[in-house]
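Residues per chain are reported as follows:
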Amino acid sequence: MADQTTETLRRTPLYDLHVEHGGKMVPFAGYEMPVQFEGVKPEHLWTREHAGLFDVSHMGPCFLFLKDGMGEPGGHEKISAAIERLVPSNIAILKPGQGRLSVLLNDQGGILDDLIITRMPGIDGMLYIVVNGAVKVQDWALMEEKLSDVASLQKADDRILMALQGPKAEAVLADHFPEATDLTFMRCAYLQKGDEKIMLSRSGYTGEDGYELLLPNNAFGTGLVKELLADERVKPIGLGARDSLRLEAGLCLYGHDMDASRDPVEADLGWVIQKSRRERADFPGAERILKAFSDGPAEKRVGIQPLERAPAREGTEIHVNGERVGIVTSGGFGPSVDRPIAMGYVRADITAPGTKIDLMVRGKARAAEVCALPFVQPNYKR
Amino acid sequence: MSTYFTEDHEWISVDGDTGTVGITKYAAEQLGDVVFVEVPEAGASFGKGDDMAVVESVKAASDVYAPVAGEVTEGNGDLADAPETVNEDPEGKGWFCKIKLSDKGDLDGLMDADAYKTFCEGL
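Keep in mind the model is a prediction, meaning the values are calculated, not measured.

Digging into the overall build of chain B
When helices and strands are tallied, chain B shows three helices and nine strands. Scanning chain B from its N terminus toward the C terminus, one meets helices and strands in the order β-β-β-α-β-β-β-β-β-α-β-α. Over its C-alpha atoms chain B spans a radius of gyration of 13 Å, differing by no more than 12% from the 14 Å that the globule rule assigns to 123 residues. On the principal axes, the C-alpha backbone points of chain B span a range of 35 × 35 × 20 Å. Relative to its full complement of 123 residues, chain B shows a buried share of 46%. Look at the contacts in chain B between residues 6 or more apart in sequence, and 58% of them connect residues 24 or more apart. As displayed, chain B has an accessible area near 5,800 Å², and 44% of this comes from carbon and sulfur atoms.

As structure tokens, then:
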């Protein structure tokens, strides 16, 4: 992302709406995105108490489907076998409309991205996948290169992808889509309203109950977003609060809390690799990853609770007795917990919650301790 | 007593050879909710434009530069427990430190209130 200012920044279909609502626009992942509207803290707190609307159209929604045999019996098994070449999760076991978090791996078992993979409801042989905006071009190129023998990829990042998050999200959305109430966490419905097609999934990245909607980039799509924003329970939320919300929820940000140098066990995402896949050992980098499971990783991602008021930002060194034992990968201030919070990687012998550490903030050692994640308990509707 | 402003949104209110330094209302609004302030301690000395303090919002940490050269006579210890004072009263109780100017000539290049207002309107 060197010198983004010289690149041509893309705009999402909701750009004009952001400007209209007073969004402060900044370059992010190749797009002009709103970093905040009324302020990070009030937007964060609003989302935890009411409902926040996030434009995530910069991300990479796509559909991966069989070239032959779509809709036929065994279609889901075939498309699952394809994507399972690149991810270590059990996709074949998903029920129609069910989604799960996984990671895209390189041959060394390093994490190329995290992604949500959902079995398309109603038709066998198709997956709905959402990857991160900053790496979508590489992700898609990898899928096309490695899976082209059986699967085709349809990119959907020209549409509107938005999230509605918070305890009032269900009531707000049910006014538009009664089907929303029936979904539980990580379940997805494919809706058709007249000629318009909508992917509605009960998911998000704030730790709150809520939904992500893939909408057509047309008057229907923007019209729906406008109607949602006109609801007094809903406010537009910028990237700043999206970051503080996901950090409180203990969720990883790709490129910060994990990257190609980290495997899923180090990143404390070993749970995305189900037992059946561990036994089959048939995913990229299986040797390294299974060794990390059995021997324990050299470093591991942990929660970090600063015990003083100074926030420790990304890149802050973690010391014990003057020796460097780790690094902060995300850090800031949690408006809901009303104190600084962070996460990062520490040496294996430092990972126990309660272990005292020093955060080297601007040359000064600030007291902190390793803690369990998340900082705020999730409110998912199971 | 005269107050001067920098292009980096610090203010300095000068009385004799001592100045009180803080960040402007404009800067505080741009930062949003201030959650931590690191002010210099008495005895610290700075050249004009040196990093002198740090102010952190939910979003990010920002450096505060010394508007003039000099030696700090007092840091505002109240901000440690009440960083929100910087939002509530940035050009009053939210002051960062008091500084003994080494050269009052440093003030010459700074803006007065009217010039600073015009400067902000152009941003």
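Re the overall build of chain A
Tallying secondary structure elements over chain A gives nine helices and 19 strands in all. Since a compact globule built from 382 residues should have a radius of gyration of about 21 Å, the 21 Å found for chain A is in line with a globular shape. In terms of overall dimensions, chain A has C-alpha extents of about 65 × 50 × 45 Å along its principal axes. Nonlocal contacts in chain A, meaning residues at least 24 apart in sequence, comprise 65% of its contacts between residues at least 6 apart. As displayed, chain A has an accessible area near 15,500 Å², and 51% of this comes from carbon and sulfur atoms. Of the side-chain charges in chain A, 45 are positive and 55 negative, and the distance between the mean point of each set is 3 Å.

Focus on the sheet that holds strand S12 (residues 210-215) of chain A
Hydrogen bonding along the main chain pairs the strands of a sheet, whether they run parallel or antiparallel. Residues and elements named next belong to chain A. Strand order across the open sheet formed by six strands is S10-S11-S12-S9-S3-S13, with mixed pairing between neighbours. In this open sheet, the two edge strands, each paired with only one partner strand, are strand S10 (188-193) and strand S13 (234-236). For this sheet, the mean inter-axis angle between neighbouring strands, taken without regard to orientation, is 25 degrees. Sheet topology note: the strand S3 (residues 51-55)/S13 ladder contains three bridges and is parallel. Opposite Leu53, over in S13, you have Pro236 as the bridge partner.

Digging into the interface of chain A and chain B
In this assembly, 16 residues from chain A lie in contact with 15 residues from chain B. Broken down residue by residue, the surface that chain A buries against chain B is led by Arg309, Arg313 and Arg362 of chain A, which jointly contribute 44%. Inspection of the region where chain A meets chain B yields five salt bridges. We note a salt bridge from Arg366 of chain A to Glu38 of chain B, for which the minimum N-O separation is 3.0 Å. Our count for the contact surface shared by chain A and chain B stands at 11 residue pairs in polar contact (both at pLDDT 80 or more). Among the secondary structure elements, those contributing two or more residues to the side of chain A that touches chain B are strand S2 (31-36), helix H2 (40-49) and strand S19 (364-371) of chain A. In terms of residues, the side of chain A that touches chain B owes the most to one element, H2 of chain A, which gives three residues.

Overview of the side chain of His76 of chain A
All names here are of chain A. Here His76 shows up in helix H3 (residues 75-83). Looking at His76, its side chain comes within polar contact range of the main-chain oxygen of Ala92, at 3.2 Å. Ignoring any residue separated from it by four or fewer positions in sequence, one finds His76 in contact with Ile91, Ala92, Leu94, Arg119, Asp124, Gly125 and Leu127.

Quick word on the environment of Tyr4 of chain B
Topologically, Tyr4 of chain B is positioned in strand S1 (residues 2-5). Residues in contact with Tyr4 of chain B, not counting those within four places in the same chain, are Glu10, Trp11, Ile12, Val14, Leu107, Leu110 and Met111 of chain B.

Some thoughts on the state of the cysteines
All names here are of chain A. Applying the stated criterion across every chain yields a total of zero disulfides over all chains. The cysteine Cys62 is free of any disulfide, with Cys188 supplying the nearest cysteine sulfur at 13 Å. No disulfide involves Cys371; its sulfur sits 14 Å from that of Cys252, the nearest cysteine.

Description of the pattern of salt bridges
Tallied over the entire structure, the rule returns 40 salt bridges over all chains. The salt bridge partner of Lys193 of chain A is Glu179 of chain A, with a shortest N-O separation of 3.3 Å. With a gap of 14 residues between them, Lys193 of chain A in strand S10 and Glu179 of chain A in the loop between helix H5 (169-174) and S10 connect regions that are remote in the sequence. The shortest N-O distance in the salt bridge between Glu38 of chain B and Lys364 of chain A comes to 3.7 Å. You can see Glu38 of chain B sitting in strand S4 (residues 34-38) and its partner Lys364 of chain A sitting in strand S19, one on each of two chains. Of the residues examined, Lys364 of chain A reaches a relative accessible area of 38% and is grouped as partly exposed. Connected via shared salt-bridge partners are Glu308, Arg313, Arg362, Lys364 and Arg366 of chain A together with Glu38 and Glu56 of chain B.

Section: unusual backbone geometry
Residue and element names in this part refer to chain A. Note that the residue after Leu373, namely Pro374, is joined by a cis bond; omega there is 0 degrees. Counting through the fold element by element, Pro374 comes out in the segment after S19. Residue Ala281 is not a glycine yet carries a positive backbone phi of 50 degrees. If you trace the backbone, Ala281 turns up in the loop between helix H8 (275-280) and helix H9 (286-295). We classify Ala281 as partly exposed; its relative accessible area is 35%.

Focus on the sheet that holds S4 of chain B
Residues and elements named next belong to chain B. Read across the open sheet, the three strands follow the order S4-S6-S7; overall the sheet is antiparallel. The open sheet has two edge strands with one neighbour each: S4 and strand S7 (61-65). When the angles between neighbouring strand axes are averaged without regard to direction, this sheet yields 25 degrees.

Some thoughts on the domain arrangement of chain A
Domains assigned within chain A are domain 1 (4-57 + 158-248), domain 2 (60-154) and domain 3 (298-371). The gap between the C-alpha centroids of domain 2 of chain A and domain 3 of chain A is 35 Å.

Calculation rules
Sequence positions are assigned chain by chain, starting from 1 and proceeding in written order. For naming, the first written chain is A and the first written ligand is 1, with later ones following in the order written. Totals for whole chains, interfaces and linings use every residue, but because this is a predicted model, local features are given only for residues with pLDDT of at least 70 and side-chain atom pairs only at 80 or more, for both listing and counting. Values reported for side chains reflect all heavy atoms of the structure, with hydrogen atoms and water molecules removed beforehand. For helices the rule is a DSSP run of H or I covering at least 4 residues; for strands it is a run of E covering at least 2, with both sets numbered from the N terminus onward. Each radius of gyration reported is based on C-alpha atoms, and the globular scaling rule is 2.2 Å times the count of residues to the power 0.38. Three exposure classes are used, based on accessible area relative to the maximum for each residue type with a 1.4 Å probe and protein chains only: buried under 20%, partly exposed in between, and exposed over 50%. Two residues form a contact once any of their heavy atoms are found within 4.5 Å. Computed with the Shrake-Rupley method and a 1.4 Å probe, the accessible areas treat only the protein chains shown as cover for residues. When charges are tallied, Lys and Arg are placed among the positive residues and Asp and Glu among the negative ones, while His and the ends of the chain are skipped. The atom standing in for a charge is NZ when the residue is Lys, CZ when it is Arg, CG when it is Asp and CD when it is Glu. Note: two strands are recorded as paired if DSSP finds a minimum of 2 bridges between them. The angle between two axes is taken between their N-to-C directions and runs from 0 to 180 degrees, where each axis is a line fitted to C-alpha atoms and a helix contributes only its stretch in contact. A quick way to say it: buried area is the sum, across both parts, of accessible area lost when two parts are put together, with a 1.4 Å probe. By definition here, a salt bridge exists when the distance from a side-chain nitrogen of Lys or Arg to a carboxyl oxygen of Asp or Glu is within 4 Å. In the analysis that follows, any N or O atom pair within 3.5 Å is treated as a polar contact, provided that within protein one partner can donate a hydrogen and the other can accept it, and provided that, for residues neighboring in sequence, both atoms belong to side chains. In this description, a disulfide is simply a cysteine sulfur pair whose atoms lie within 2.5 Å. Annotation comment: domain bounds sourced from an automatic or database domain assignment.

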